[in-house]
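# Secondary and tertiary structure notes
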Amino acid sequence: EAGVTQFPSHSVIEKGQTVTLRCDPISGHDNLYWYRRVMGKEIKFLLHFVKESKQDESGMPNNRFLAERTGGTYSTLKVQPAELEDSGVYFCASSPRLSAPQHFGDGTRLSIL
Amino acid sequence: TQLLEQSPQFLSIQEGENLTVYCNSSSVFSSLQWYRQEPGEGPVLLVTVVTGGEVKKLKRLTFQFGDARKDSSLHITAAQPGDTGLYLCAGDGETSGSRLTFGEGTQLTVNP
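Residues numbered from 1 in each chain as written. Chains lettered and ligands numbered in written order. Predicted model: local features only at pLDDT ≥ 70, side-chain atom pairs only at ≥ 80, totals over all residues. Heavy atoms only, no water.

## Examining the overall build of chain B
The helix and strand inventory of chain B stands at 0 helices and 11 strands. Of the regular secondary structure in chain B, the N- to C-terminal order runs β-β-β-β-β-β-β-β-β-β-β. Taken against the 2.2 N^0.38 rule, which gives 13 Å for 112 residues, the C-alpha radius of gyration of chain B at 13 Å falls within 12% of a compact globule. Across the 112 residues of chain B, 46% fall into the buried class. Here the analysis covers contacts within chain B between residues at least 6 apart in sequence; of these, 56% occur between residues at least 24 apart. Accessible area for chain B stands at about 5200 Å²; split by element, carbon and sulfur atoms hold 49% of it. (Helix = DSSP H or I, 4+ residues; strand = E, 2+ residues; numbered from the N terminus. Rg over C-alpha atoms; globule rule 2.2 N^0.38 Å. Buried < 20%, exposed > 50% of the residue type's maximum accessible area, 1.4 Å probe, protein only. Contact = heavy atoms within 4.5 Å. Areas by Shrake-Rupley, 256 points an atom, 1.4 Å probe, with all protein chains shown as cover.)

## Quick look at the packing of aromatic side chains
In the structure shown here, the tally under the stated rule is 10 aromatic pairs over all chains. On the numbers, 5.7 Å between centres and 85° between planes, the contact of Tyr35(A) with Phe102(B) is edge-to-face. In this pair, Tyr35(A) sits in strand E4 (residues 31-37) while Phe102(B) sits in strand E10 (residues 100-102), so the two residues belong to two different chains. Aromatic side chains Trp34(B) and Phe63(B) sit 6.4 Å apart centroid to centroid with 50° between the ring planes, which places their arrangement in the tilted category. Taken as a pair, Trp34(B) in strand E4 (residues 29-37) and Phe63(B) in strand E7 (residues 61-65) lie far apart in primary sequence, 29 residues in all. Classification of Trp34(B) by relative accessible area gives buried; the value is 0%. By relative accessible area, which is 0% here, Phe63(B) ends up buried. (Phe/Tyr/Trp six-rings, centres within 6.5 Å; stacked < 30°, edge-to-face > 60°.)

## With respect to the interface of chain B and chain A
Listed per partner, the contact involves 18 residues of chain B and 19 residues of chain A. Interface of chain B and chain A: buried area, both sides summed, is about 1500 Å²; carbon and sulfur atoms make up 52% of it. Ranking the residues of chain B by area buried against chain A places Ser98(B), Arg99(B) and Phe102(B) at the top, with a combined share of 35%. Inspection of the chain B/chain A interface yields 1 salt bridge. A salt bridge links Asp56(A) to Arg99(B); its shortest N-O distance comes to 2.6 Å. The interface formed by chain B and chain A includes 7 residue pairs in polar contact (both at pLDDT 80 or more). When contributions to the side of chain B that touches chain A are tallied by element, the ones reaching two or more residues are E4, strand E5 (44-49), strand E9 (85-93) and E10 of chain B. Broken down by element, the residue count for the side of chain B that touches chain A peaks at 3 residues, all from E9(B). (Buried area = accessible area lost by both parts, 1.4 Å probe. Salt bridge = Lys/Arg side-chain N within 4 Å of Asp/Glu carboxyl O. Polar contact = N/O pair within 3.5 Å; in protein donor to acceptor, adjacent residues only side chain to side chain.)

## Describing the nonpolar core
Membership of the largest hydrophobic core comes to 21 residues, with the highest contact counts inside it found for Trp34(A), Leu46(A), Leu47(A), Met60(A), Leu77(A) and Tyr90(A). Counting residues in hydrophobic clusters, the runner-up holds 20 residues, among them Leu61(B), Phe63(B), Ile76(B) and Ala79(B). (Core = buried A, V, L, I, M, F, W, Y, C linked by side-chain atoms within 4.5 Å.)

## A word on the environment of Tyr74(A)
Residue and element names in this part refer to chain A. In this structure, Tyr74 sits in the loop between strand E7 (65-68) and strand E8 (75-79). For the pair Tyr74 and Thr18, spaced 56 residues apart in sequence, the C-alpha separation works out to 19 Å. When near neighbours in sequence (up to four residues on either side) are disregarded, Tyr74 contacts Arg22, Cys23, Asp24, Pro25, Glu68 and Arg69.

Interpretation in functional terms is not warranted from these geometric data alone.
Given below as structure tokens:
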């Protein structure tokens, strides 16, 4: 079974530019989560999809972040415009049902210059 | 806001020694997971504990969930260099849906 895959693995962009991160969950996993770890801090929740619906987006930092999961398969997280404080590692995780163990991808390392 | 305080943040020991990592909170969790993360990779699930007082063993690793489901510990017996890595605890809150609250992690180095 293929794991959670994230693309790109690294991204370096300038402040003000736009970046889109992609996550492909494990096949059949309805629940998809986005998390972020900024330098020196713990991994923090951003949002949770159940299929194509946003179940919980309480962790989204502001309206520069837009997450989508059209068709309930892969998800994208767009940051527009990117700011310096958006630098960090963005993780995606998926699970087959609520409260089941979450399986994480290897993350996208985002650097804003 | 739920918080998980994980300690110690860094731990450097010699091969063969024992160690314990702690995760503490004032909040109750439905379950608590322990993950291990290697550089450049995502967290990999080691174990999930669900019941207060539960103890789970994974070879030389022993995980315990507190009776009140507010704290957990990871004990490693006779540590080996292959145990080196970042250990993370993460709780699934009773009122937070299925989103995870993470501790800051413990960076363990086991020297040969």
